[in-house]
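Observations on the model geometry
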Amino acid sequence: MPGIEDWKTKPYNVVQKIFEETKDSSHDSFVSQVEEYFHQRLKDISISKIPSLNHTSVDHIPAGSLVRYRCMVQDVFDPQFCLGQYIVKNTQTQETRLECGSYRDVPNVLPHETVDMDNRENKPVERLGFYCVPIPGEADWVKKIYNKKCVTLQMTSSTCENSKRKNDEEEESVKERTSNPSSNISGPYSEQSGQETSEMKEESRSQSVSRSNNTSVSSLAHNFPLPNETGTPCIVRVYSSKIEMKTTDAVEVIGILSVDPALATVAEDAEGVEELIDQEELRAHEPPPSLVPRIHALTVQMLDHNNPTLPCSQSSDNYKQEVKRLMQDVNSIRLELHSIFQHALLGDSLAAEYLICHLLARVYARVDAMPLGKFCLNLSGCPVTQRYSVLLNHLISQLTTKSTLMEMTIENMNSWRLVPKKDYTANRVIAGMLQLCTGTQVVLDETALQQGQLDNTGVMNVRALEDMITWQKVEYDFQWSAVPIQCDNNVLILSECTSFLSKDFHVPMVTERVDDIPSYFTLLDERLTDEVLIKLRSYITVCKHLFYGVPDDIQKAIQDDFVETRLVNPSEMSIDDFQRLLSLLRLLTISYGLETPNVQIWMKAKAMEQERKARVAKLPKPSNGTA
């Protein structure tokens, strides 16, 4: 096997060596051995020694080397077929050799060599393609900490010059290599097994406006869900049948970087093969690698969270040790967080309690279509001036790993694309603002809403928000049907009066008078030291995923209390009130670092709900939504 350095800088050598040793085995066996080799190697080193495409320019990472990438799956491409192995023939000596086609985009041939496409030893294999983007709404503090951990490759001037010269030489040979479709067997000219019918594509094509090549590339090259997002999108190619990824999954991929210049001209070189693959689809699925690099995945890890101060896997021993250490100080951390939120909420202690519970909420189960654990919170009575919503959102973004603020002006509601949409011409899903990873904090600023008329787009956007809040799903627009995609996003609604949107809990704020809100928020700066922030962020991440269960004795006590309350005053405790109370009890329990509730927490939950409902009773009855 190659040396310890070769496997990071020249992984193709490892792949080819394993291929030669397993050429009589199945392709699945070969892929498994490749993955096992790199998995074992990665266990022996710090992952920070692998350059990250999130924080290092692709120009500073040698092509064909190992790279890692933290991302969200934005779109899932149709399966693609390529040659897992092929015969290369020397046109001068007529000698042949067997090459591995997996983990490559173009064949490994020299100018005097060609691929023998008619050779019976050639074997096709299937691979999956995933269009991935940097995690939408990832907090700046998360990026900064990851950036400090990663190793940036410092290329010397001579190295850069050699790399540039090599790229120039490759570009000169691009036309020769791509003019013959057979020489690009594992790349864009491979077949795709799509599920859409030709009639559907033809109808969509006839309805779409003609677009130029440049417009097509620029409109679909990045496809970020949130506006003003930056970073490098990638196409991740997966060869293992054991790896399962779906839309909105957050993953970290380690694989081989592919930026072969031949990929930049495949659309133009396909002019004569229109009967094989649609031009528009080819441009969308094979954009220039300078815009969208390719990564041939060797390992894929699902991210339970993206807090860089904690181990990624919640099942790891290191993570469990961090949880144990944090729980020793959980009460003081919770007290500090409550104090900070009480200050930010202009002195409202009750609202601070509900905001803590809100940040710890997640969908832990689904019964039929109903998501259990969601906690949409509406804080009304928010100041509409002095940028209060922006300042509060900034505080929340300092504590959560991924969040987004949506200012609900009439103009925005009528122009936003919240729901992802299928483009059948390009066979791509065009991103929408609600295409977010699990656990994303969504802050809806309803204080920005003024009087005006919602058009059809605005009405559809309101409906999309309602679906996300009520059912924790986003219905992707597939033109002929809506495809529901489950999500798990915490929604916080900041409003002046009761929100017109649905909500699980409505807390009218009772605040102190503050004349200068921006200066008032700056008082938190000296409290939010790096040490405090690390503890608060870890607290939110850990408590959010704590195990929760109700022992039989506590369950019986709660049921007896419910029955007794109903007998005394049936209107005081409806079934909905009871379900809401149980949800609050769960979140209060884990906020104290506990796995099971006790009588004291139950009584606190009841007192909080009584005070909250008393505040709501003093307001005009809302036109819709829950109390």
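All figures in this text were calculated on a predicted structure; none of them were measured in a lab.

1. Observations regarding the overall build of the protein
The secondary structure content of the protein amounts to 21 helices and 19 strands. Intrachain contacts of the protein at a sequence separation of at least 6 include 78% that bridge at least 24 residues. Taken as a whole, the protein presents about 28,700 Å² of accessible surface, with 50% of it coming from carbon and sulfur.

2. A short note on unusual backbone geometry
Its identity is not glycine, yet N223 carries a phi of approximately 60°, on the positive side. Note that N223 resides in the loop between α8 (213–220) and β6 (234–238). One non-glycine residue, L346, adopts positive backbone phi at about 60°. Relative to the assigned elements, L346 resides in the loop between α12 (330–344) and α13 (349–360).

3. Section: the nonpolar core
Grouped together as the largest cluster of nonpolar side chains are 67 residues, with contacts concentrated most on L379 and Y539. Here the element with the most residues in this core is α13; it accounts for 9 residues. Apart from the residues within four sequence positions on either side, L379 is in contact with L345, A351, L492, I493, L494, S495, V507 and M509. Membership of the second largest hydrophobic core comes to 26 residues, among which are L226, V462, M468 and F478.

4. Details of the pairing of strand β7 (residues 250–258)
Among the 9 residues in β7, 9 count as buried, and that is most of the element. As paired strands, strand β1 (residues 66–76) and β7 are joined by 7 bridges and run antiparallel to one another. Note that in β7 the partner of C71 across the bridge is V251. As paired elements, β7 and strand β8 (residues 294–302) share 8 bridges and run antiparallel to each other. What sits directly across from E252, in β8, is Q301.

5. Thoughts on the side chain of D577
With respect to the element layout, D577 can be found in helix α20 (residues 575–591). Assessed through its relative accessible area of 14%, D577 is described here as buried. With sequence-adjacent residues up to four places away left out, D577 is seen in contact with E572 and K613.

6. Focus: the confidence of the model for the protein
The share of residues in the protein with pLDDT of 70 or more is 85%, and the mean pLDDT across the chain is 86. When the criterion is pLDDT under 50, residues 151–219 qualifies, and its contacts beyond four places in sequence or with other chains add up to 109 contacts.

The rules behind these values
Residues numbered from 1 in each chain as written. Predicted model: local features only at pLDDT ≥ 70, side-chain atom pairs only at ≥ 80, totals over all residues. Heavy atoms only, no water. Helix = DSSP H or I, 4+ residues; strand = E, 2+ residues; numbered from the N terminus. Contact = heavy atoms within 4.5 Å. Areas by Shrake-Rupley, 256 points an atom, 1.4 Å probe, with all protein chains shown as cover. Core = buried A, V, L, I, M, F, W, Y, C linked by side-chain atoms within 4.5 Å. Buried < 20%, exposed > 50% of the residue type's maximum accessible area, 1.4 Å probe, protein only. Pairing = 2+ DSSP bridges. pLDDT = per-residue confidence, 0-100.

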